[in-house]
Every structure is written in C-alpha cells, then in structure tokens.
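Residues per chain are reported as follows:
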Amino acid sequence: MKKVLCILLLFPALLCSCVKDDFRPVFIQTEETCLMQRGNTVFSYDPLTCQMGFNREKNEFRVHTDNMSDFYIVTLDRIPVQLGEKVEGTIVWTTETSIYTRKKITLEAVRIEGERIWLWHEQSRTGVTVSALE
C-alpha cells in the first residue's frame, strides 16, 4: 500500500517534468518588438506612444514610452550577426511596481531579420527583440 501511495504522490511531479514549455517558439513567432517572460509580454513597443534608440558604440538598445515610465534596455558585449550566435548582455526593464536587471546573461540570437534581432535567455525563459537602427 505504501508503494502505491508513493507512486501516486510522485506521478504528478514526473508528469510535470516531461511537459516541455512552448515559450521559445511563441517568442520566435512574434512580430512585436517586445520583452517576453514565460510567454507573457512584459513590454511591447507601440509606435504611437513609444520610442526606440540604438547606440552602436555601446551595443545598447532602448525601447521606452514617450515619458520613460516603462522601458527595457539591452546592452550586449557585441551585436550578433548569425542565427544561433550567443552573446553576453544585460537587460533592464520596468514593471508596474519595480525595475529589474539581469546582468551577464547569455542571450542567443534565435531570429534575425534585417535590423531586428530576437534574443533568448533559456534559463529565465526571457525573450527580447531589439533593432539596430541605422
């Protein structure tokens, strides 16, 4: 009886560990310039109320509301040019209540189209889209 109880208690944990999340494909398919975490959009660029900035010397990308109340800033050690290329970077972003920072994280270029780059951080399931404005 104890064995059956142990198996029943462990079954949900085993089932959950086998379920793969679909956050990365969802992020890759989005056409928005945005910051996503675990499939949820944290901040999305709206051309009517937002601005974008880019500094090639600092490898810095900025997306923010006109009054800077909401934003995300991505700074990379270099700008990736190939699909699958990994770079080290920092992301700073706002939520309704806080400002968050992830330093020295490895971001993978999972999609590149023209000046736009989709970057993915696997451990935190975070995706961020940036544009190298020229």
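Provided above is the structure to which this section pertains.
Residues numbered from 1 in each chain as written. Predicted model: local features only at pLDDT ≥ 70, side-chain atom pairs only at ≥ 80, totals over all residues. Heavy atoms only, no water.

**Quick notes on the environment of isoleucine 73**
Line of reasoning, step 1. For isoleucine 73, the position within the fold is in strand 5 (residues 71-76).
Line of reasoning, step 2. Sequence separation between isoleucine 73 and glycine 53 is 20 residues; the distance between their C-alpha atoms is 9.2 Å. (Helix = DSSP H or I, 4+ residues; strand = E, 2+ residues; numbered from the N terminus.)

**What about the sheet that holds strand 1 (residues 34-37)?**
Line of reasoning, step 1. Taken together, 9 strands build an open sheet; the order of strands is 2-1-9-8-7-6-5-4-3 and the sheet is antiparallel. Strands with a single pairing partner mark the edges of an open sheet, and in this sheet they are strand 2 (40-44) and strand 3 (50-55). For this sheet, the mean angle separating the axes of adjacent strands, direction not counted, is 25 degrees.
Line of reasoning, step 2. Looking at chain direction, strand 8 (residues 116-121) and strand 9 (residues 126-131) are connected through 6 bridges and run antiparallel. Residue pairing in the sheet places isoleucine 117 in a bridge with valine 130 of strand 9. (Pairing = 2+ DSSP bridges. Axes fitted to C-alpha atoms, helices over the stretch in contact; angles between N-to-C directions.)

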